[in-house]
Amino acid sequence: MTMARDVAQLAGLLADPTRAAFCLAMLDGRAWTATELAAHAGVAASTASEHLNRLVAGGLLVERRQGRHRYVQLANSQAADLLEAFIGHLGPSREQPRGLRAVGASAALARGRTCYDHLAGRLGVVIADGMTNAGLLNQTEGFAMTDAGVDWLTGTLGIAAADLRGTRRPLARACLDWTERRSHLAGAAGAHLLRRFVENGWIKRIGTGRAVRLTPSGTTALRDLLAIDATTYDLA
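Residues numbered from 1 in each chain as written. Predicted model: local features only at pLDDT ≥ 70, side-chain atom pairs only at ≥ 80, totals over all residues. Heavy atoms only, no water.

Trainee: Would you explain helix α2 (residues 17-25) in this entry?
Mentor: An α-helical turn contains 3.6 residues, so any two residues separated by three or four positions project in the same direction. Regarding α2, the residues found buried are Thr18, Arg19, Phe22, Cys23 and Ala25. Down the axis, α2 shows its buried residues gathered within 165° of arc, on one side only. For α2, the N-terminal capping position is held by Asp16, with its side-chain oxygen 2.8 Å away from the main-chain nitrogen of Thr18. (Buried < 20%, exposed > 50% of the residue type's maximum accessible area, 1.4 Å probe, protein only. Helix = DSSP H or I, 4+ residues; strand = E, 2+ residues; numbered from the N terminus. Arc of directions from axis to C-beta. Polar contact = N/O pair within 3.5 Å; in protein donor to acceptor, adjacent residues only side chain to side chain.)

Right, here's the structure in full:
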């Protein structure tokens, strides 16, 4: 019964639409202020504070304070995985976006976005497929980096081997993409791949949300690194 109670308490943290909206917003991997989250969810600052206290106490969020500002973010990759599993179970929203801006935002998210600390959307799935076709990633039985894939990460992309192995996280993990209904690359390899894309200017964030777009240099990088024609997948 202890385990059942703990599961019920965890599920209860996401049972409120406001708390769920807060957590989904933080899938962008950033730290948010309570004021920003209150505006995002359309609630009063006092209401936001109450919900955030529950989420922090429940272990889904962590907080830090700088002066008068309170910043919160997802506690870890496991919290992000939990949220993505919920979204993947639900499938695509049955409610169609209304208005030009909403339609454009939805299309941008589907094309490419961050999933906490790795790439998702059509961009993420295409990259995973490109890595598989190049013999860098094995999707036959789950997701696993091949020896050639590890050499590619540490050699071609210049990621330190210690950074890939010096963590409890799996090197590669399949994450079901809720828009593509196929898996993209998560785990330590996915996190470092996103970091390289950002550092090299291959992607840029669209506005303040999770959506990202491929830059001209990113289009070239996909072609040179993985023989991916971005225009074929409407990524450019």
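Trainee: Can you walk me through empty space enclosed by the protein in this structure?
Mentor: This structure, assessed with the given rule, holds three cavities of 30 Å³ or more. Its boundaries defined by the atoms lining it, the largest cavity holds a volume of some 50 Å³. Lining the largest cavity are Leu119, Gly124, Ile127, Leu185, Gly190, Leu193 and Leu194. Elements with a contribution of two residues or more to the lining of the largest cavity: α7 (121-133) and α10 (187-199). It is α10 that contributes the most residues to the lining of the largest cavity, three residues altogether. Roughly 40 Å³ of internal volume is contained in the second largest cavity. Forming the walls of the second largest cavity are Trp152, Phe197, Ala221, Leu222, Leu225 and Leu226. Looking at which element gives the most residues to the lining of the second largest cavity, the answer is helix α11 (residues 216-226), with four residues. (1 Å grid on protein atoms, 1.4 Å probe; cavity = no way out; pocket = protein on both sides within 12 Å on 5 of 7 lines; lining within 4 Å. Points joined across faces, edges and corners; volume = space filled by probe spheres on them.)

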